[in-house]
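Next come the chains, spelled out residue by residue.
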Amino acid sequence: MLELLALILIVILFVNNRTAVKRIDQMEKHVAMLSERVGRLASSGAPAPATEPTVEAAEQLAITEAPAPTQDVPAEAMAEAGIDDQAASEAPAGEASLQPAASTSAPAPAGRSESLENYLGARWAVWAGGLALALGGLFLVRYSIESGLLGPGVRLSIAALFGLLLVAGGEIVRRKALPQAAALYDNAMIPGILTAAGTLSLFGAIYAAHGIYEFIGPTLAFLLLALVAFATLGLSLLHGQALAGLGLAASLATPALVSSTSPNPWTLFSFLTVSLVATAAAARLKTWRVVPVLANAGLGLWAIVYILFSDGVELAPVTLALIALIATALLIWPAGALDADRTADALSWRNLGRAFIRKPAGLWLSVSLAVFFPALAIVAVGVAADLNPLFAMAALIAALAAAGAARRGAAWPAFVAMSGAILGLGLNAAATTDIVRGFDTGLGGDTPLPGLDGQSMAITLGLGAVFLLCGLAFMRRRGAFDAVLSTFWAAIAAAVPVTIASISFVQYGVYARDWTHGLYGIALGLVLLGATEFFARTGLATTLRRGLDLLIAGSFAAFAFSLHMLSDGIVTTILLPILGFAYLMANRVRPWSGLPWMMAAALVCVLARIANDPTLVGPEHLSTTPLFNALLPGYGIPAILAILSAYELRNWPGFRVRNALQGLASLLGLLAVAILIRHAMNGGVLDDRVPTLGEQSIYTLLITGLSGILMTLDLKSPSPVFRYGSMVAGVLSMANVLVLHLFALNPFFTGESTGAWPLVNLLLIGYLLPGLAYAGLAFYARDKRPLPYVAALAVSGAVLGFAWVTLSVRRFWHGEFIASWKRFEQAETYTYSVAWLAIGVGLLALGTKFDARSLRLASAVLVFISVGKAFLIDMSHLEGVLRALSFIGLGLVLIGIGLFYQKILTSRKSRRTVTAEENG
């Protein structure tokens, strides 16, 4: 069956080639005829007659006007489109002068369409022919083996000779091929197919001679296979990128096909590096983009396979080969040939995204990934090697970062290097123990190598310095033209060194006072500040405003890192806001928009430290003395500095940082007072115990007061922080009242003692004072805040007042403890009705005097509650004279309220009538 298929394919190839030759002859004759006609018309001066083109003329026009390719085409294919060299030499002088004008004035075709005949005859026939040739060679070898006609040596010699003949045939056909055919059928050129078939035959013969019959040794086989691979790469310059891919595949497969008892990684990676360089050089000459990507991927895969599956790994050749890969991309291809346009870009997320998808992005991404994964594999495996694995990984990441800083189009190396540094150091931390044990110290056992931690720490910190220098260098060179990538590099230079230093401290640092990391952070901060000053002085303050802000943030992070290295506990908590305040005050001499934000960042760090340890000095070291203890400076100094910062920026044009500092100042001030209260009311102990009603009442009063203070500040200096912060504080306070005061901490439910004094007791602090505070806040906010919010404050105050009266009545009858398990007495029940009616009447009087409708509504609610209690509770629980007095008193009060309302409504109606008559 296979033999029949091969015969059919060969017949098709023969027929279609003859058809193609005939068509080409017809086209050449037609071109000569058209040239002669144009010459006669030019000499006579008559206009050219309009003739209807034939099918052959239309096809010839498509060929002559097809644009010349810029790659994969020999030099003779770049001749004048439509007229070959022979026709041009035979034309007269007048015709020769006319032909270029005619070719340039003719409009270019919109697209190149091909008929089914073109596909079958000019393309598929070529591909099928190449397959037929390959199958034919295989069938001949198979037939000779099955028949025993020829020995192995003869068969291999014939296969090699057949391959050489195919290569020679490809070169002969290439030299006789028409330039027009090269332009139209660049991916189905007969010379390239013949050459590919020949190289495959040679490759198979050499491999069989070594791997199957063992006629030649591994060294000779390796050299011959490499020679074929490199020859194929060289021939690809004549036959196109597809043949280059074949040569690349052959070179990558060569080391795997040659077996050796003592494989040498230096030989392996030297050969792969030479192959890569040759591929890159060919790609540069022909501007190929697919083959170099495959070459980078191939070398990267070889490195990963070698690292993961070799018994004794030598990292030096792998590292040098991957560094050579980066150098090849920097110096040979793509180098600077495909850098993006060099015009200035506006800073935006869209432009930053475009930096990763421009012309050379795919090439640089292949370079980045080819280095990224082997670098991670080196530290993840943690094998014993000739080099410290951390050093090998750091060298690769540093080289990749340098590549990203060297080329404008290399956005991917910058991003991948940043990611690789952080991930690689994290993986190294997990594999550190195995790495240490892998080194032969000569001391026996698992004794670590002396100085290894110091060496690894130096490598880690040095890698952070590389990112810093690369980022500043890129900003220096490209800051005025490329704001997008310069800002991106500013972020890398600011964030990556500090992150790397933090990883180094966690892994190698001293958890008491670490001078090495501390001084490193100080040096890093000074360099970033100096760079900011330098760029501002060179006129980049406007172009790189965001970049300078990032450098400022990086310097603050570096100094904050140093504070954590050189201090601890409450000292760090106090020094952080002092550092931030210094940055904020620096805006008086340097108008950099990022300076005030550092104070906000410092306050956020303070809040984080408080959340981690509210005592700041440890529970065992916190004094029990109220007020005068470590909490006063630890909370008070940051709060005072926050308030001063908000005041300093009261007129700052940037409203975001101003609002942020105002909010943080309010929060820290409230937190400082609250924590001191908590400490004082719990015997000098800060823990997570549930607060008592007295303590919670102080917090409620504190939040209510904060709401009023923020409202006052908003009136003097309008700010959304003050405006919404005041309402948020009020809402939180009211939520505390509903959940804690009335239910969770209510002495009626908890059984807590209310105190020995009749009026000045827990009920006064827990209910009456907060109720008065809400009433005062509602009165103050009635024309300054939305009506629903004011009404909620008034209702909360009324509810607390009602609770105070009710609980005070119960305390009057039951004493210090008013727990719910004590039964209600008849006189107590009657007293509730009297007290509620009295409050209702009082609210009605106040509402009438101040014309406050909310107070009158509250009065009506209390009266209805009293009426409901009388009919539902008093009628069944009270007996004798108390039941009668209860209803008599209720009736009198209700009648009095009715008369009062009738009088008010009548007087209002009379006033409206008089006003109407006066106006009418």
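## Focus: the overall build of the protein chain
Scanning the protein chain for helices and strands turns up 33 helices and 0 strands. Out of the 920 residues belonging to the protein chain, those deemed buried represent 45%. Of the contacts made within the protein chain by residues no fewer than 6 positions apart, 73% connect residues no fewer than 24 positions apart. Accessible surface, the protein chain: about 45500 Å² in total, of which carbon and sulfur atoms supply 69%.

## Comments concerning the pattern of salt bridges
The final tally for this structure, using the stated rule, is 9 salt bridges. Across the pair Glu 533 and Arg 537 runs a salt bridge whose closest N-O atoms are separated by 2.5 Å. Here Arg 537 and Glu 533 lie together in helix α20 (residues 515–537), a separation of 4 residues that amounts to about one turn. Here Arg 546 and Asp 549 are joined by a salt bridge, their closest N and O atoms 4.0 Å apart. With Arg 546 and Asp 549 both in helix α21 (residues 545–566), this residue pair falls 3 residues apart, about one helical turn. We classify Asp 549 as buried; its relative accessible area is 13%. Beyond isolated ion pairs, a larger network of salt bridges with shared partners links Glu 533, Arg 537 and Arg 590.

## Focus on the packing of helix α26 (residues 693–716) against helix α29 (residues 762–781)
In the contact formed by α26 and α29, the axes pass within 9 Å of each other and the chain directions differ by 15°. One finds that α26 runs roughly parallel with respect to α29. The handedness of the crossing between α26 and α29 is left-handed. Packed against α26, whose contacting residues are Leu 693, Gly 694, Ser 697, Thr 700, Leu 701, Thr 704, Ser 707, Gly 708, Met 711, Thr 712 and Leu 715, the element α29 presents Leu 762, Ile 765, Gly 766, Tyr 767, Leu 769, Pro 770, Ala 773, Tyr 774, Leu 777, Tyr 780 and Ala 781 at the interface. When the residues that make up the contact of α26 with α29 are grouped by side-chain class, the tally is 14 nonpolar, 8 polar and no charged.

## Description of the side chain of Ser 726
Structurally, Ser 726 can be placed in helix α27 (residues 720–744). Engagement of the side chain of Ser 726 in a polar contact is seen with the side chain of Arg 785, the distance being 3.2 Å.

## Section: helix α31 (residues 826–849)
Every α-helical turn comprises 3.6 residues, leaving residues that sit three or four positions apart pointing alike. With 24 residues, α31 should reach 34 Å at 1.5 Å per residue; the first-to-last C-alpha distance of 35 Å fits that figure. Among all positions of α31, only Glu 828, Thr 829, Tyr 832, Ser 833, Ala 835, Trp 836, Leu 837, Gly 840, Leu 843, Leu 844 and Gly 847 are buried.

## Quick notes on empty space enclosed by the protein
Overall, the coordinates contain 3 cavities of 30 Å³ or more when judged by the stated rule. The calculated volume of the second largest cavity comes to roughly 80 Å³. What lines the second largest cavity is a set of 13 residues, and nearest its centre among them are Ala 280, Pro 292, Asn 296, Ala 329 and Trp 333. Breaking the lining of the second largest cavity down by element, the ones donating at least two residues are α11 (265–286), α12 (290–309), α13 (315–331) and α15 (361–381). Residue composition of the lining of the second largest cavity, grouped by class: 10 nonpolar, 3 polar and no charged.

Rules and cut-offs
- Residues numbered from 1 in each chain as written.
- Predicted model: local features only at pLDDT ≥ 70, side-chain atom pairs only at ≥ 80, totals over all residues.
- Heavy atoms only, no water.
- Helix = DSSP H or I, 4+ residues; strand = E, 2+ residues; numbered from the N terminus.
- Buried < 20%, exposed > 50% of the residue type's maximum accessible area, 1.4 Å probe, protein only.
- Contact = heavy atoms within 4.5 Å.
- Areas by Shrake-Rupley, 256 points an atom, 1.4 Å probe, with all protein chains shown as cover.
- Salt bridge = Lys/Arg side-chain N within 4 Å of Asp/Glu carboxyl O.
- Axes fitted to C-alpha atoms, helices over the stretch in contact; angles between N-to-C directions.
- Parallel < 35°, antiparallel > 145°, perpendicular 65-115°, else oblique.
- Left-handed = near helix turned anticlockwise from the far one by under 90°.
- Nonpolar A, V, L, I, M, F, W, Y, C, P; charged D, E, K, R; others polar.
- Polar contact = N/O pair within 3.5 Å; in protein donor to acceptor, adjacent residues only side chain to side chain.
- Expected span 1.5 Å × (residues − 1).
- 1 Å grid on protein atoms, 1.4 Å probe; cavity = no way out; pocket = protein on both sides within 12 Å on 5 of 7 lines; lining within 4 Å.
- Points joined across faces, edges and corners; volume = space filled by probe spheres on them.

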